[in-house]
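# Architecture at a glance
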2 protein chains.
Amino acid sequence: MSQSTGGTRERIKAVALELFTEQGYEATSLREVAERLGVTKAALYYHFKSKDEIVTSVVEDRLVRMDALIAWAETQPPTLATRHAVIERYAETMFSGGQPSVMRFFEQNQTALKSLSAGREIRERMFRLANVLCAGDDSPGGQLRAALALFAVHSSWFAVRTPGITDAERKQVALEVANELLTAIAPPPPTP
Amino acid sequence: MSQSTGGTRERIKAVALELFTEQGYEATSLREVAERLGVTKAALYYHFKSKDEIVTSVVEDRLVRMDALIAWAETQPPTLATRHAVIERYAETMFSGGQPSVMRFFEQNQTALKSLSAGREIRERMFRLANVLCAGDDSPGGQLRAALALFAVHSSWFAVRTPGITDAERKQVALEVANELLTAIAPPPPTP
DNA sequence: GTCTATAACACGATAGAC
DNA sequence: GTCTATCGTGTTATAGAC
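The residue count restarts for each chain, going from 1 along the sequence in the order it is written. Chain labels run from A onward and ligand labels from 1 onward, assigned in the order the entries are written. Local features in this predicted model are restricted to residues whose pLDDT is 70 or higher, and side-chain atom pairs enter the listing and the counts only when it is 80 or higher, whereas totals over whole chains, interfaces and linings include all residues. Excluding hydrogens and water, the side-chain figures rest on all heavy atoms present in the structure.

## Focus on the nonpolar core
Counting 126 residues, the largest nonpolar core has Tyr90 of chain A together with Tyr90 of chain B as the members making the most contacts within it. Any pair of residues with heavy atoms lying within 4.5 Å of one another is described as a contacting pair. Apart from residues no more than four positions distant in its own chain, Tyr90 of chain B is found in contact with Arg62, Met66, Leu69, Met103, Met126, Leu129, Leu150, Val153 and His154 of chain B. By nonpolar core is meant a set of buried Ala, Val, Leu, Ile, Met, Phe, Trp, Tyr and Cys residues that side-chain atoms within 4.5 Å join together. For every residue, the accessible area obtained with a 1.4 Å probe (protein chains only) is divided by the maximum for its type, and the residue is called buried under 20%, exposed over 50%, and partly exposed between those limits.

## Some thoughts on the packing of helix 8 (residues 117–133) of chain B against helix 9 (residues 140–155) of chain B
Residue and element names in this part refer to chain B. In this description, a line fitted to the C-alpha atoms serves as the axis of each element, helices being fitted only across the stretch in contact, and the angle between N-to-C directions of two axes falls anywhere from 0 to 180 degrees. Helical segments are the DSSP runs of H or I of at least four residues, strand segments are the runs of E of at least two, and each set is numbered from the N terminus. Two numbers describe how helix 8 lies on helix 9: the axes approach to 8 Å, and their chain directions differ by 120°. In terms of orientation, helix 8 lies oblique with respect to helix 9. Considering how the two elements wind past one another, helix 8 and helix 9 form a crossing that is right-handed. For the pair helix 8 and helix 9, contact is made by Met126, Leu129, Ala130 and Leu133 and by Ala146, Leu150 and His154, respectively. Asp, Glu, Lys and Arg are counted as charged, while Ala, Val, Leu, Ile, Met, Phe, Trp, Tyr, Cys and Pro are counted as nonpolar; the rest, among them Gly, fall into the polar class. Taken together, the residues that form the contact of helix 8 with helix 9 break down as six nonpolar, one polar and no charged. Here is the rule for angles: anything less than 35 degrees is roughly parallel, anything more than 145 is roughly antiparallel, 65 through 115 is roughly perpendicular, and the remaining ranges are oblique. By definition, any crossing whose near helix is turned counterclockwise from its far helix by less than a right angle is left-handed, and any crossing with a clockwise turn is right-handed.

## Concerning the relation of the copies chain A and chain B
Copy one and copy two of the chain differ by a rotation about an axis and a translation along that axis. The fit set for superposing copies consists of C-alpha atoms from residues with pLDDT of at least 70 in both; the fit itself is least squares. Once turned by 179° and shifted 0.1 Å along the axis, chain A lies on chain B with an RMSD of 0.2 Å. Here the symmetry operator amounts to a two-fold rotation axis. Within chain A, the C-alpha atom positioned nearest to the axis of rotation is that of Glu26 of chain A, 3.0 Å from it. An overlap of 100% is found between the interface residues of chain A and their copies at the interface of chain B, pointing to a shared contact surface.

## Remarks on the environment of Ala85 of chain B
All names here are of chain B. As for its placement among the helices and strands, Ala85 is situated in helix 5 (residues 80–94). Owing to a relative accessible area of 27%, Ala85 belongs among the partly exposed residues under this scheme. Taking the C-alpha atoms as reference points, Ala85 and Val160, separated by 75 residues in sequence, lie 23 Å from one another.

## Observations concerning the packing of aromatic side chains
Here the aromatic set is Phe, Tyr and Trp, taking the six-membered ring for Trp, and pairing holds for ring centres within 6.5 Å; pairs whose planes are under 30 degrees apart are stacked, those over 60 apart are edge-to-face, and all others are tilted. A complete count under the given rule lists nine aromatic pairs over all chains for this structure. Residues Phe151 of chain A and Phe151 of chain B carry aromatic rings whose centres are separated by 3.8 Å and whose planes lie at 10° to one another, so their mutual orientation is stacked. Of the two residues, Phe151 of chain A is situated in helix 9 (residues 140–155) and Phe151 of chain B in helix 9; the pairing between them involves two chains. Note on accessibility: Phe151 of chain A and Phe151 of chain B belong to one class, buried.

## Some remarks on the protein's contact with DNA strand C
One heavy atom within 4 Å of a molecule or strand makes the whole residue count as near it. The immediate surroundings of DNA strand C are formed by 16 residues, with Thr40, Ala42 and Tyr46 of chain A together with Arg31 and Tyr45 of chain B found nearest. Counting only atoms of DNA strand C within 4 Å of the protein, the fraction found in sugar and phosphate groups is 62%. Between N or O atoms, a polar contact is any pair within 3.5 Å; within protein, one atom must be a potential hydrogen donor and the other a potential acceptor, and residues adjacent in sequence are included only when both atoms are from side chains. One of the backbone N or O atoms of Leu30 of chain B is found 2.9 Å from a phosphate oxygen in DNA strand C. One of the side-chain nitrogen or oxygen atoms of Tyr45 of chain B is found 2.6 Å away from a phosphate oxygen of DNA strand C. For the surface near DNA strand C, the elements supplying multiple residues, two or more each, are helix 3 (41–47) of chain A together with helix 2 (30–37) and helix 3 (41–47) of chain B. For the surface near DNA strand C, the element with the most residues is helix 3 of chain A, which contributes four residues. Grouping the amino acids of the surface near DNA strand C by side-chain chemistry returns seven nonpolar, six polar and three charged.

## A closer look at the UniProt feature "DNA-binding region" (unreviewed entry) in chain A
UniProt positions are given in the numbering used here, feature names are shortened, and annotations may be inferred rather than shown by experiment. As annotated by UniProt and renumbered to match this structure, "DNA-binding region" (unreviewed entry) occupies residues 29–48 of chain A. Across residues 29–48 of chain A one finds 75% helix and 0% strand; the C-alpha atoms that close the span lie 14 Å apart.

## What about helix 2 of chain B?
Residue and element names in this part refer to chain B. Every buried residue belonging to helix 2 is among Leu30, Val33, Ala34 and Leu37, and all of these are buried. Buried residues of helix 2 fall within an arc of 95° about the axis and therefore sit on the same side. Of the surrounding elements, those touching the buried residues of helix 2 are helix 1 (8–23), helix 3 and helix 4 (51–75). Here the arc refers to the set of directions running from the helix axis out to each C-beta atom.

## Some words on the interface of chain A and chain B
Counting residues at the interface gives 37 residues for chain A and 39 residues for chain B. Note on terms: buried area is the combined drop in 1.4 Å-probe accessible area of two parts once they are placed together, counting the loss on both. For the chain A and chain B pair, buried surface summed over both sides reaches about 3000 Å², with 62% attributable to carbon and sulfur atoms. By definition here, a salt bridge exists when the distance from a side-chain nitrogen of Lys or Arg to a carboxyl oxygen of Asp or Glu is within 4 Å. Our count for the contact surface shared by chain A and chain B stands at four salt bridges. Between Arg145 of chain B and Glu180 of chain A there is a salt bridge, with its nearest N and O atoms 2.3 Å apart. Inspection of the region where chain A meets chain B yields eleven residue pairs in polar contact (both at pLDDT 80 or more). At the level of secondary structure, the elements contributing two or more residues to the side of chain A that touches chain B comprise helix 1 (8–23), helix 7 (110–114), helix 9 and helix 10 (167–183) of chain A. Of the residues belonging to the side of chain A that touches chain B, the class tally is 17 nonpolar, twelve polar and eight charged.

## What to know about the confidence of the model for chain A
Segments scoring low in pLDDT should not have their predicted coordinates read at a detailed level. Values of pLDDT, which run from 0 to 100, indicate the predictor's confidence residue by residue. Confidence along chain A averages 89 in pLDDT terms, with 94% of residues attaining 70 or more. Between residues 1–5 of chain A, whose pLDDT stays under 50, and residues either more than four places distant or in other chains, the model counts one contact.

## Comments concerning the pattern of salt bridges
Counted by the stated rule, this structure contains 24 salt bridges over all chains. The salt bridge partner of Glu10 of chain A is Lys13 of chain A, with a shortest N-O separation of 3.6 Å. Pair noted here: Glu10 of chain A and Lys13 of chain A are both in helix 1, with a separation of three residues, about one helical turn. Judged by relative accessible area, Glu10 of chain A falls into the partly exposed class, the value being 48%. The residue Glu18 of chain B makes a salt bridge to Arg36 of chain B at a minimum N-O spacing of 3.1 Å. Taken as a pair, Glu18 of chain B in helix 1 and Arg36 of chain B in helix 2 lie far apart in primary sequence, 18 residues in all.

This is the structure we're talking about:
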């Protein structure tokens with residue numbers, strides 16, 4: 001409760017994320033963000049020292065969650081059960097809290113994020129996750145299936161156009177397809 | 001060789017596509033494009049009347065090819081064999097000529113393309129292709145698998161990191177995974 | 001700690017000379 | 001077909017008042 005910035009910082013992050021996702025990072029001006037908040041542009045520069053820094057801040061907690069998942073996954077044996085557990089946990093974080101919007105922002109701004117440090121950081125985590133998912137079979141087929149399993153979770157948001165579908169149903173179908181892909185990856189390595 | 005525009009138009013398209021893909025549409029200025037070509041900004045405006053129009057022009061032949069494929073696919077019966085044939089032809093066009101770069105540009109600029117007519121046109125074709133691919137089973141699972149089959153072809157370009165892999169090998173593994181997904185879509189409808 | 005005012009500059013696009 | 005010069009606008013970012 002002794003927060004110094006009175007929650008304005010969080011409001012900026014929320015609005016910026018929304019606009020960046022809707023219209024793109026480059027296409028969104030700080031004037032737009034400020035206007036929607038009912039403050040001036042300069043006020044934003046009090047809380048964040050640059051436009052990049054807003055993105056970095058937004059992405060921060062997402063990175064922490066991904067790091068935790070990767071760290072856990074890397075301690076697990078490279079079995080099929082592990083893969084299923086990893087994608088399950090991944091989907092859980094993707095479908096809970098404010099996380100989906102962050103990843104939607106990430107998908108929609110791949111190019112813009114290339115020149116942003118936050119983008120490179122998330123990208124790196126995605127590749128590491130994909131690597132964990134095909135541990136034991138890093139053949140081209142394994143790599144592709146692992147990447148697609150992750151993408152199944154993401155794309156269930158826009159690729160499934162069934163009217164009236166709920167988030168829970170999206171998650172369920174995403175996991176079904178993802179697990180199908182993971183199962184096809186490889187025979188788990190022999191346990192000696 | 002009595003071409004009226006002396007090939008400059010094509011050179012502009014090539015350089016613009018390259019920069020738009022690398023850095024993003026919004027992040028690439030016409031000054032940059034002109035500089036790399038060794039001409040001035042104003043020269044570009046002789047060949048294209050706006051920045052959008054460069055994109056439209058780049059995407060044009062890709063649209064024609066996609067339309068041809070969709071038209072053909074829609075005349076075919078909704079069987080598993082058709083699905084495999086469609087994705088096979090799709091991969092063929094994606095891995096030939098200058099097409100891969102166009103689709104890479106498309107992937108990398110989803111958000112920017114939302115407000116560009118060319119973007120909406122390609123997007124519409126992608127959905128129609130996905131629909132054809134899950135004809136006979138438009139359940140959430142079917143839709144997701146169809147979309148991922150298309151994405152398998154695209155993502156084989158960056159998701160597969162095996163050193164020294166050739167384009168032909170990328171195509172092959174993409175088709176293998178895509179066909180796996182398509183096979184899982186649904187029992188082909190009973191032929192009465 | 002928050003805002004107004006404004007600097008300094010890049011953008012897309014146009015006009016008109018050559 | 002390409003150039004120079006420039007318009008109008010929107011951008012990030014800063015200095016300084018409150």
